[in-house]
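# Fold and geometry: a report
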Amino acid sequence: MFKRILVANRGEIALRIIRCCREMGIETVAVYSTADEQSLPVMLAAHRVCIGPEKAQDSYLNQEVILETARKMGCDAIHPGYGFLSENADFAEACEKEGITFIGPSAEVIRKMGDKQTARALMQKNQVPVVPGSPNLLSSLREAEEQAKKIGYPVLIKATAGGGGKGMRKVFTEEELEKAFHMARAEAEAAFGNGEVYLEKLILAPRHIEFQILADNYGNIVHLGERDCSIQKNNQKLLEETPSWALDHKLRERMGKEAVRVARAAGYTNAGTVEFVLDKDHNFYFIEMNTRIQVEHPITELLCGVDLVKEQIRIAAGRRMELRQEEIELNGHAMECRINAIKPGKIEFLHFPAGPRVRVDSHLYNGCEVSPYYDSMVAKIIVCGKTRLETIRRMRRALEELMVEGVETNTELMYLVTLHPEFISGNYNTSFWEKNSETILRWNEEGKASDENT
């Protein structure tokens, strides 16, 4: 087992990894920017090293400095968390050359699955259903126009690199294509340093369903059920739940087997997520694989009782996975709300919810600063219950208890989402926010909402 792990991240995921390592008896090294000097992960790590100024490019994305720190501090491994360098194949490869274990899949697999067009081709070769799309990356607007006519509108322009909704544009008519094409390429270039895009048929109002995968170095692969991530705003997830209300036992079993097949085809090891879209007729299509731990991993942990970060570390250390598919049980229902800061500032007073089956993952504390330099997510409220309705009510209660003063957050909006009849029914899809945002925002302004529907 590793003796010392460098945590190449910040915020709640860095804290999550540090806590896990402490339980496993592994020393941690927290690297941080000057903006995060007083952060909770830095305070709780066994060792801490400042690696640069506030901008991520000069600190958390500075591969050379992070590797040099790992060497000087005698680290056996680096855990990248999510975001930043977590899906950077060059960084994983550099770790391998230095003899430092990258806690994640190999550079080859990251490269193969990180390029969405390459991943699509691999899945097609292995008879995994994929959304119809262009066979190659688009070299020009003219090629985009030709492919869009073949596929048929509406289409989706997608960046082949990165994720998080960047470099994506929906196109409903031929007249919209030129502007969307150039905007998608420019956004992808700015976000990922790679402006290449391709086309997919736009599946209107699908469910976004992802399956959690664990795979070791001995050919053992399991899935730990699905997460429904369809509550989104501008392709950014707001709320996730498991199990999905849209899947029955047979469909869940089919999709789970396909997810395992995806991982096997990719030669995957460690934790990852296979993402599908599910249409109104219950046809599902592979869209991508995230080669890292996901923000929403806690809801899976609550249902199956598996510590995914601990499993990541064990697998990376060469341990054989003890989990077997037939032994994995998912009991009850779980849900996560992402709490985002609307503006940076100082936390003047903070109170987190507690009580039965409530978990909060956050790096906040009274008096800390919320930085303007990084992602706006400041906490995750995670709850579970015996039934979906019990879980919804527990989430509302938890959101009611959450108190953050000094920094405005989206807590009230998330609470109102849980009151919306369409959400309560479970019959929602990725168009939920687009269809219902006016109502929810009006409720927020008027201060009028009730839970009479439940």
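Per chain, residue numbering runs from 1 following the sequence as it is written. Reporting of local features is limited, given that this is a predicted model, to residues whose pLDDT is at least 70; pairs of side-chain atoms are given and counted only at 80 or more, and all residues count toward the totals for whole chains, interfaces and linings. Only hydrogens and water are removed before side-chain values are computed, so all heavy atoms of the structure are retained for them.

### Points about the overall build of the protein
Strands are runs of DSSP state E lasting at least two residues, helices are runs of H or I lasting at least four, and both sets are numbered from the N terminus onward. What the protein contains, in helices and strands, is 15 helices and 20 strands. Taken against the 2.2 N^0.38 rule, which gives 22 Å for 454 residues, the C-alpha radius of gyration of the protein at 21 Å falls within 12% of a compact globule. Dimensions along the principal axes, computed over C-alpha positions, put the protein at roughly 55 × 55 × 45 Å. Within the protein, the fraction of its 454 residues that count as buried is 56%. Two residues form a contact once any of their heavy atoms are found within 4.5 Å. A separation of at least 24 residues holds for 66% of the contacts in the protein among residues at least 6 apart in sequence. In this description, accessible areas are obtained by the Shrake-Rupley approach with a 1.4 Å probe, and a residue is regarded as covered only by the protein chains that are shown. Just so you have it, the protein exposes about 19500 Å², and 46% of that area is on carbon and sulfur atoms. A residue counts as positive if it is Lys or Arg and as negative if it is Asp or Glu; His and the chain ends are not included. Charge positions are represented by NZ for Lys, CZ for Arg, CG for Asp and CD for Glu. Counting 58 positive and 67 negative side-chain charges, the protein places the averaged centre of each group 3 Å from the other. Atoms counted for the radius of gyration: C-alpha only. Globule rule: 2.2 Å times the number of residues to the power 0.38. Each residue gets one of three labels from its accessible area relative to the maximum for its type: buried under 20%, exposed over 50%, partly exposed in between, using a 1.4 Å probe on protein chains only.

### Topic: unusual backbone geometry
Residues tyrosine 153 and proline 154 are joined by a peptide bond in cis, for which omega reads 0 degrees. Threonine 242 connects to proline 243 through a cis peptide bond whose omega is 0 degrees. Phi at phenylalanine 84 takes a positive value of approximately 45 degrees, unusual for a residue other than glycine. Mapped onto the secondary structure, phenylalanine 84 falls in the loop between strand S4 (77-79) and helix H4 (89-98).

### A word on the sheet that holds strand S8 (residues 197-201)
As summarised here, the arrangement of the 3 strands in space is S7-S6-S8, forming an open sheet in which the pairing is antiparallel. Only two strands of the sheet have a single partner each, and these edge strands are strand S7 (168-171) and S8. Between one strand and the next, the sheet's axes are offset by a mean angle of 20 degrees, whatever the strand orientation. Docked against the sheet, helix H7 (residues 141-151) engages strand S6 (155-159) and S8, running at close to 15 degrees with respect to S8. Whenever a helix is involved, its axis is fitted only over the stretch in contact; in every case the axis is a line through C-alpha atoms, and angles between N-to-C directions fall within 0 to 180 degrees. On the sheet, helix H8 (residues 174-192) packs against S6, S7 and S8 and is oriented at approximately 170 degrees with respect to S7. Two strands are said to pair when DSSP picks up at least two bridges between them.

### With respect to the pattern of salt bridges
When a carboxyl oxygen of Asp or Glu lies within 4 Å of a side-chain nitrogen of Lys or Arg, that pair is called a salt bridge. According to the stated counting rule, one finds 33 salt bridges in the structure shown. Put simply, Glu210, Arg227, Lys237, Glu240, Glu275, Glu296 and Arg338 are held in one network by salt bridges that share partners.

### Topic: the environment of leucine 137
Mapped onto the elements, leucine 137 comes out in the loop between helix H6 (116-125) and H7. On a C-alpha basis, the gap between leucine 137 and tyrosine 60 in space is 30 Å, while along the polypeptide they are 77 residues apart. Apart from the residues within four sequence positions on either side, leucine 137 is in contact with Gln117, Glu143, Thr160, Glu196, Val197 and Tyr198.

### Digging into helix H3 (residues 63-72)
Along H3, the residues that are buried comprise Ile66, Leu67, Thr69 and Ala70. Buried residues of H3 fall within an arc of 155 degrees about the axis and therefore sit on the same side. Opposite the buried face of H3, at more than 90 degrees from it, the exposed residues are Glu64 and Lys72. Throughout, the arc means that of the directions going from the helix axis to the C-beta atoms.

### Here we look at the state of the cysteines
Any cysteine sulfur atom paired with another within 2.5 Å is treated as part of a disulfide. For the coordinates displayed, the defined rule picks out 0 disulfides. The structure places no disulfide on cysteine 75, whose sulfur is separated from the nearest cysteine sulfur, that of cysteine 21, by 10 Å. Judged by relative accessible area, cysteine 75 falls into the buried class, the value being 9%. Here cysteine 384 is not cross-linked by a disulfide; its sulfur's nearest cysteine counterpart is in cysteine 304, at 11 Å. Judged by relative accessible area, which is 2%, cysteine 384 ranks as buried.

### Description of the packing of H4 against helix H5 (residues 107-114)
Taken N-terminus to C-terminus, the directions of H4 and H5 make an angle of 175 degrees; their axes are 8 Å apart at the nearest point. Judged on the interaxial angle alone, H5 and H4 are roughly antiparallel. Where H4 approaches H5, its residues Ala89, Asp90, Ala92, Glu93 and Glu96 are matched on the opposing element by Ala107, Ile110 and Arg111. For this classification, under 35 degrees means roughly parallel, over 145 means roughly antiparallel, 65 to 115 means roughly perpendicular, and everything else is oblique.

### Considerations on the side chain of asparagine 429
As for its placement among the helices and strands, asparagine 429 is situated in the loop between helix H14 (421-425) and helix H15 (432-446). For asparagine 429, a relative accessible area of 16% corresponds to the buried category. By the criterion applied in these results, polar contacts are pairs of N or O atoms within 3.5 Å in which, for protein atoms, one can donate a hydrogen and the other can accept it, and in which residues neighboring in sequence qualify only through two side-chain atoms. Engagement of the side chain of asparagine 429 in a polar contact is seen with the backbone oxygen of alanine 205, the distance being 3.4 Å. A distance of 2.4 Å separates polar atoms of two side chains, one belonging to asparagine 429 and the other to serine 431. Those residues in contact with asparagine 429 that lie beyond four places of it in its chain are Ala205, Pro206, Arg207 and Ser230.

### Notes on the packing of aromatic side chains
Aromatic pairing here means that ring centres of Phe, Tyr or Trp (its six-membered ring) are within 6.5 Å. Orientation follows from the plane angle: under 30 degrees is stacked, over 60 is edge-to-face, and everything else is tilted. This structure, assessed with the given rule, holds 8 aromatic pairs. With a centroid separation of 5.6 Å and 80 degrees between ring planes, the pair formed by tyrosine 60 and tyrosine 374 is classed as edge-to-face. Here tyrosine 60, found in the loop between strand S3 (47-52) and H3, pairs with tyrosine 374, found in the loop between strand S18 (369-370) and strand S19 (377-385); they are 314 residues apart in sequence, far enough to count as distant. For the pair phenylalanine 91 and phenylalanine 102, a centre-to-centre distance of 6.1 Å together with 80 degrees between the ring planes defines the contact as edge-to-face. Of the two residues, phenylalanine 91 sits in helix H4 while phenylalanine 102 sits in strand S5 (residues 101-102), which places them 11 residues apart along the sequence. The exposure classification of phenylalanine 91 matches that of phenylalanine 102, with both residues buried. Remark: a charge is flagged as sitting over a ring if the NZ atom of Lys or the CZ atom of Arg is within 6 Å of the ring centre and within 35 degrees of the ring normal. Positioned above the aromatic ring of tyrosine 218 is the side chain of arginine 320, whose terminal nitrogen or guanidinium carbon lies 4.2 Å from the ring centre. Lying over the aromatic face of tryptophan 245, arginine 388 brings its terminal NZ or CZ to 5.6 Å of the ring centre.

### Some details on the sheet that holds S4
Hydrogen bonds along the backbone pair up the strands of a sheet, which may run parallel or antiparallel. With parallel pairing, the 5 strands of this open sheet are ordered in space as S3-S2-S1-S4-S5. This sheet does not close on itself; its edge strands, each paired only once, are S3 and S5. Pairing between S4 and S5: 2 bridges, direction parallel. Across the sheet, the residue bridging to alanine 77 is threonine 101, located in S5. In this fold helix H1 (residues 11-24) packs onto strand S1 (4-7), strand S2 (27-33) and S4, with an angle of close to 170 degrees to the strand it touches most, S1.

Everything listed here is a matter of geometry and, on its own, says nothing about what the molecule does.
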